[in-house]
Amino acid sequence: MKRTSTLLADGREILYYDAGGGAARAVPDTRSLDAPAAASEVRRDPLLGDSVVIASHRQGRTHLPPADACPLCPSTGLRASEVPAGDYEVVVFENRFPSLAGDTGRCEVICFTPDHRTSFAELDEERAALVLAAWTDRTAELSARDGVRQVYCFENRGAEIGVTLGHPHGQIYAFPFITPRTTRMLATVEAHRARTGGNLFEEVLAAERAEGTRVVLAAGHWTAFVPYAARWPYEVHLYPNRRTADLTTLDEDARAEFPRVYLELLRRFDRLFDRPEPTPYVSAWHQAPASGEGRADFALHLELFTVRRTADKLKYLAGTEAGMEAYMNDVRPEDAAARLRAVATR
């Protein structure tokens, strides 16, 4: 993999990732841009203890532009975009409208392909492997920065999810705090270790593999299953079979197998419903904190879920869920797993 780092017109960093070594991507940004606004503030909820980011400057961010004005497509002679190069394989750049910046962290955009009309599920395995390499590189670099506590790589796809840019892309957040979801996981895992001496992540994975009814895909180095208490109608957790803290410590065998497994999962999601458009989803990497005791027991895993529950119905958060975080799922996890097995590639 070759990485080329340069700057955009307003001083933000942009990095091009290429599978080969011959590409020259350091194209100057010819736009005239003001310095990006960065007025983020992290506040702590006194009752829950959660950190909340206040980022009022994001109200003016780009919202659903037409395809011919997409800021994530390569630049052309007629229009300059966020990507100055006329082509790319995978590109990462600092978000122009970041939720986190400066002392409060960093937000990056990752574009998986220059093709506006495709999706991650339609990439080939070589490109998916390059995306994994970029995620890993960004995790390593951002985790080493002062003040960064956790790195989160994710993709939101589909207007139903709230995506405002249609180009195939994801985001990478470097948080100055450990996120509430991870904090809860760490507390549960620590309590389990103190009570039993075992690792809860490993025991959950072993139990799912042994029981089998919720396993969606079992490969040599990865296992995908619908969790026993799934919150979403179709929700899959993907674990490497050998526990590791984050993407930087993933072994080479698992790294090599990941593109095939992940692409198969995404394609199964697209076959779940008889609809012409792709299935909306959130795909989220859960990684250990950048440092500290929590790393020792954490297990890297990816959580993939959709808000679509049938071909013509969406799963909206009800008052019990949005107000009390008490989830109600309309689909039995065992039925969801059976359905995801049934739509496997033939």
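Scroll up a little and you will see the structure.
An account of the accompanying structure is given in this report. Keep in mind that this is a model prediction, so the values were computed, not measured. (Residues numbered from 1 in each chain as written. Predicted model: local features only at pLDDT ≥ 70, side-chain atom pairs only at ≥ 80, totals over all residues. Heavy atoms only, no water.)

### Focus on the layout of surface pockets
Considering only enclosed or pocket space, the second largest pocket measures out at about 540 Å³ in volume. It is helix α2 (residues 180–196) that contributes the most residues to the lining of the second largest pocket, five residues altogether. Grouping the constituent residues of the lining of the second largest pocket by class yields ten nonpolar, three polar and six charged. (1 Å grid on protein atoms, 1.4 Å probe; cavity = no way out; pocket = protein on both sides within 12 Å on 5 of 7 lines; lining within 4 Å. Points joined across faces, edges and corners; volume = space filled by probe spheres on them. Helix = DSSP H or I, 4+ residues; strand = E, 2+ residues; numbered from the N terminus. Nonpolar A, V, L, I, M, F, W, Y, C, P; charged D, E, K, R; others polar.)

### Quick notes on the side chain of Arg138
Within the element layout of this structure, Arg138 appears in helix α1 (residues 125–143). Looking at Arg138, the relative accessible area reads 0%, which means it is buried. Each residue touching Arg138, except ones within four places of it in the same chain, is listed here: Arg3, Leu15, Tyr17, Val92, Arg106, Glu108, Ser143 and Ile172. (Buried < 20%, exposed > 50% of the residue type's maximum accessible area, 1.4 Å probe, protein only. Contact = heavy atoms within 4.5 Å.)

### Here we look at the pattern of salt bridges
Think of it this way: side chains of opposite charge can pair up when their charged atoms draw near. Scanning the model with the defined rule gives 36 salt bridges in all. A salt bridge links Arg295 to Asp246; its shortest N-O distance comes to 3.0 Å. Note that Arg295 is positioned in the loop between β12 (281–286) and β13 (301–306) and Asp246 in the loop between β11 (234–240) and α4 (252–270), a separation of 49 residues in sequence. A residue is classified by how much of its surface remains accessible, and Arg295, at 22% relative accessible area, is partly exposed. (Salt bridge = Lys/Arg side-chain N within 4 Å of Asp/Glu carboxyl O.)

### Topic: α2
Helical geometry note: an α-helix holds 3.6 residues per turn, so side chains three or four residues apart project in the same direction. Here α2 spans 24 Å end to end across 17 residues, near enough to the 24 Å set by a 1.5 Å rise per residue. Taken as a whole, α2 has its buried residues at Thr182, Met185, Leu186, Val189 and His192. When α2 is viewed along its axis, its buried side chains cluster within an angular range of 130° and face the same direction. In this structure, α2 carries Arg184, Glu190, Ala194 and Arg195 as exposed residues pointing more than 90 degrees from its buried face. Contact partners of the buried residues in α2: β7 (150–157), α3 (200–211), β12 and β13. Once α2 ends, the next one or two residues include Gly197, with phi positive near 85°. (Expected span 1.5 Å × (residues − 1). Arc of directions from axis to C-beta.)

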